[in-house]
Amino acid sequence: MPAIRKLTGNFIATEVGDEILLIDLDGGELFSLSGTARAIWDAIDGRRDAKAIAAALAPSFDATEQAIERDAAGLVKALADVRLVEEIN
């Protein structure tokens, strides 16, 4: 699986309480990430793929590694569709 990295020039991120708000600079969309989604976002570092992110987060959540990997893949797809993240080799 390819690693996932943030496209930092394409968004503004701000922390509000327990959530992260992302503003897509191209489309103007607002994304609110909390809970598992926020943890996945925080774990995106350009070195890990969705499976490695899930393995790192599973002990902290009441969910299986497979469930977190599905969540990570879904979040990555949604954010990649608006060019906030990309998969790299």
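Our structure is the block above this text.
Residues numbered from 1 in each chain as written. Predicted model: local features only at pLDDT ≥ 70, side-chain atom pairs only at ≥ 80, totals over all residues. Heavy atoms only, no water.

Draft legend 1. Summary view of the pattern of salt bridges. Under the definition given, this model contains seven salt bridges. Across the pair Asp 42 and Arg 38 runs a salt bridge, and its minimum N-O distance is 3.2 Å. Taken together, the residues span about one helical turn, with Asp 42 and Arg 38 both in helix α1 (residues 35-43) at a distance of four residues. For Asp 42, a relative accessible area of 45% gives the class partly exposed. Overall, the relative accessible area of 15% leaves Arg 38 in the buried class. A salt bridge links Arg 48 to Asp 45, with the nearest nitrogen and oxygen atoms 3.1 Å apart. Given the relative accessible area of 27%, Arg 48 is considered partly exposed. Overall, the relative accessible area of 27% leaves Asp 45 in the partly exposed class. (Salt bridge = Lys/Arg side-chain N within 4 Å of Asp/Glu carboxyl O. Helix = DSSP H or I, 4+ residues; strand = E, 2+ residues; numbered from the N terminus. Buried < 20%, exposed > 50% of the residue type's maximum accessible area, 1.4 Å probe, protein only.)

Draft legend 2. Spatial organisation of the packing of aromatic side chains. Per the counting criterion, the structure on display carries one aromatic pair. Where Phe 11 meets Trp 41, the ring centres are 5.2 Å apart and the plane angle is 75°; that geometry is what we call edge-to-face. Taken together, the residues Phe 11 in strand β2 (residues 11-16) and Trp 41 in helix α1 connect sequence positions 30 residues apart. By relative accessible area, which is 11% here, Phe 11 ends up buried. (Phe/Tyr/Trp six-rings, centres within 6.5 Å; stacked < 30°, edge-to-face > 60°.)

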